Amino acid sequence: MFDHIPAYPGDPILSLNEDFQLDPRPNKVNLSIGIYFDDAGKLPVIDAVRRAETALLDAIGPRSYLPMAGLPLYRDTAQALVFGTDSAARAEGRIATLQTLGGSGALKVGADFLKRYFPASQMWISDPSWENHRVVFEGAGLKVNTYPYYDPQTGGLRFADMLAAIDALPAKSIVLLHACCHNPTGVDLSPAQWAELVPVLQRRELIAFVDMAYQGFGAGLEADAAPVRLLADANVPLIVANSFSKNFSLYGERVGALSVVCKSADEAARVAGQLMSAVRANYSNPPTHGARLVANVLADATLRASWEAELGAMRERILAMRKVIHAGLDGRVDEVMRARYVAQRGMFTYTGLSESQVERLRNEYAVYVLRSGRMCVAGLNARNADYVASSIAAVVSGA
Ligand code: LMR
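Overview of the structure. Small disclaimer: the values here were computed from a predicted structure and weren't measured. (Residues numbered from 1 in each chain as written. Predicted model: local features only at pLDDT ≥ 70, side-chain atom pairs only at ≥ 80, totals over all residues. Heavy atoms only, no water.)

### Thoughts on the site of the ligand
Around the ligand sit Ile 13, Ile 33, Gly 34, Trp 130, Asn 183, Tyr 214, Lys 246 and Arg 374, and those are all the residues in its vicinity. Between an oxygen atom of the ligand and a side-chain N or O atom of Trp 130, the distance comes to 3.0 Å. Contacts to the ligand include Arg 374, whose side-chain N or O atom sits 2.8 Å from an oxygen atom. Considered on its own, the ligand offers 260 Å² of accessible surface; in the complex 83% of this is hidden by protein. Classifying every residue of the shell around the ligand gives four nonpolar, two polar and two charged. (Near = heavy atom within 4 Å. Polar contact = N/O pair within 3.5 Å; in protein donor to acceptor, adjacent residues only side chain to side chain. Areas by Shrake-Rupley, 256 points an atom, 1.4 Å probe, with all protein chains shown as cover. Nonpolar A, V, L, I, M, F, W, Y, C, P; charged D, E, K, R; others polar.)

Structure representation (structure tokens):
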């Protein structure tokens, strides 16, 4: 019966991470998946999360189903973090926010909603974008196209080309944008470029779908969310997927949210209802634990301050590692390739390494980066950075 089922070629990120786990070499370095490791190479447990979790354990209660939309306190605190406490749309009850299974779950629920209510619309993602964007949106039946984004020659942004392409889209096209820490390139729009993009989205009557998986890892919690707030304040039709996987180090708990900014509270209630129907069709309702942890940290001033401080230290450590690898490559690779480590930001750098160089890095040096050349710089630490730099130097020089 199942004879005709072809083998799964694997996922470019998750399967590589699984291969890494099985690699027996003691000197292996995981710079593939977007996970923050601390300077000891360990996945951190955020202290505020540990404290919230301990408090929860002491007050273990019954675990019924959550509502389809998720935990009310979680929805409210997540919305405030994304849109700001002074958001007009929030004050007017115009944002429909649901708890989702991580950022990916938010993308899927959003995609199902769009396919159902905007069946003629097509999706436009950056070239390149996170590999799973295409998979999720095509999986929901949407046609996925790309707009120009990254310039491999300079390691920077093709902003004029991006703007021109978006300015030529049919009304109601859906434009996927990364709020900060662009995945996979680490190249973001500047505030001035966001300000130029907004009127184009408005004029062409486009829907902005913003993915914010790395809030806090770019310039800070508030600055990273600024593009979302700019779009909301300008009344651009807006959908936002956000995730707490990285900034709470809660990857396996699958905690994310989906928000749709509407014209009125009434519209938001109807949109929320249809998002719930998409949730019911996918997985019925979300799980309890991760959402309780996030909500309890965000709603408690002491825990929240502690979380913000720890997140700030994570951001600083990534910046420090960028400087270390940049220095380690001095004189060993050309300057355009080297400059990316400090010019790009967030967890990722697009190294410019070719597929064969990436393969040599893995096979000969046990250093794992994605086939596209994306490196998760949050996997670097004081002990492995020199080794990674000399391994890169070796594959680039062809030694
Ligand atoms: C990544 O890009 O590595 C992360 O977002 C993890 C994932 O699910 O792909």
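Next, the rest of the story.
### A look at unusual backbone geometry
Asp 127 connects to Pro 128 through a cis peptide bond whose omega is 5 degrees. Along the chain, Pro 128 turns up in the loop between β3 (123-127) and α6 (131-139). The omega torsion of the bond from Asn 183 to Pro 184 falls at 25 degrees, within 30 degrees of zero and hence cis. For Pro 184, the location among the structural elements is in the loop between β7 (174-178) and α8 (191-203). Despite not being glycine, Glu 205 has its phi angle at roughly 55 degrees, a positive value. As for its position among the elements, Glu 205 is in the loop between α8 and β8 (207-212). On the basis of relative accessibility, which here comes to 55%, the residue Glu 205 falls in the exposed class. (Helix = DSSP H or I, 4+ residues; strand = E, 2+ residues; numbered from the N terminus. Buried < 20%, exposed > 50% of the residue type's maximum accessible area, 1.4 Å probe, protein only.)

### Describing the packing of α8 against helix α9 (residues 221-233)
Packing of α8 against α9 brings their axes to within 10 Å, and their N-to-C directions diverge by 35 degrees. α8 and α9 meet at a crossing whose hand is right-handed. For the pair formed by α8 and α9, the contact residues are Trp 194, Ala 195, Val 198 and Leu 201 on the first element and Pro 227, Leu 230 and Leu 231 on the second. Broken down by class, the residue content of the contact of α8 with α9 amounts to seven nonpolar, no polar and no charged. (Axes fitted to C-alpha atoms, helices over the stretch in contact; angles between N-to-C directions. Left-handed = near helix turned anticlockwise from the far one by under 90°. Contact = heavy atoms within 4.5 Å.)

### Some thoughts on a nonpolar patch on the surface
On the surface, a nonpolar cluster with roughly 450 Å² of combined accessible area is contributed by Met 1, Phe 2 and Ile 5. Tracing the sequence through the fold places Phe 2 in the segment before α1 (14-22). In this structure Phe 2 comes out as exposed when scored by relative accessible area, which is 67%. (Patch = residues over 30% accessible without salt bridge, like charges linked within 9 Å, V, L, I, M, F, W, Y side chains within 5 Å. Salt bridge = Lys/Arg side-chain N within 4 Å of Asp/Glu carboxyl O.)

### Concerning α1
Within α1, burial applies to Ser 15, Leu 16, Asn 17 and Phe 20. In this structure, the buried side of α1 is in contact with β1 (29-30), α14 (355-365) and β12 (367-368).

### Side note on the side chain of His 133
Position of His 133 among the secondary structure elements: in helix α6. In this structure His 133 touches Leu 107, Ile 125, Leu 176, His 178 and Asp 211, once residues within four positions along its chain are discounted.

### Regarding the pattern of salt bridges
Tallied over the entire structure, the rule returns 18 salt bridges. Notably, a salt bridge pairs Glu 222 with Arg 229, separated by 2.6 Å at the nearest N-O pair. Note on Arg 229: relative accessible area 14%, which makes it buried. One network of salt bridges, in which partners are shared, links Asp 167, Arg 203 and Arg 204.

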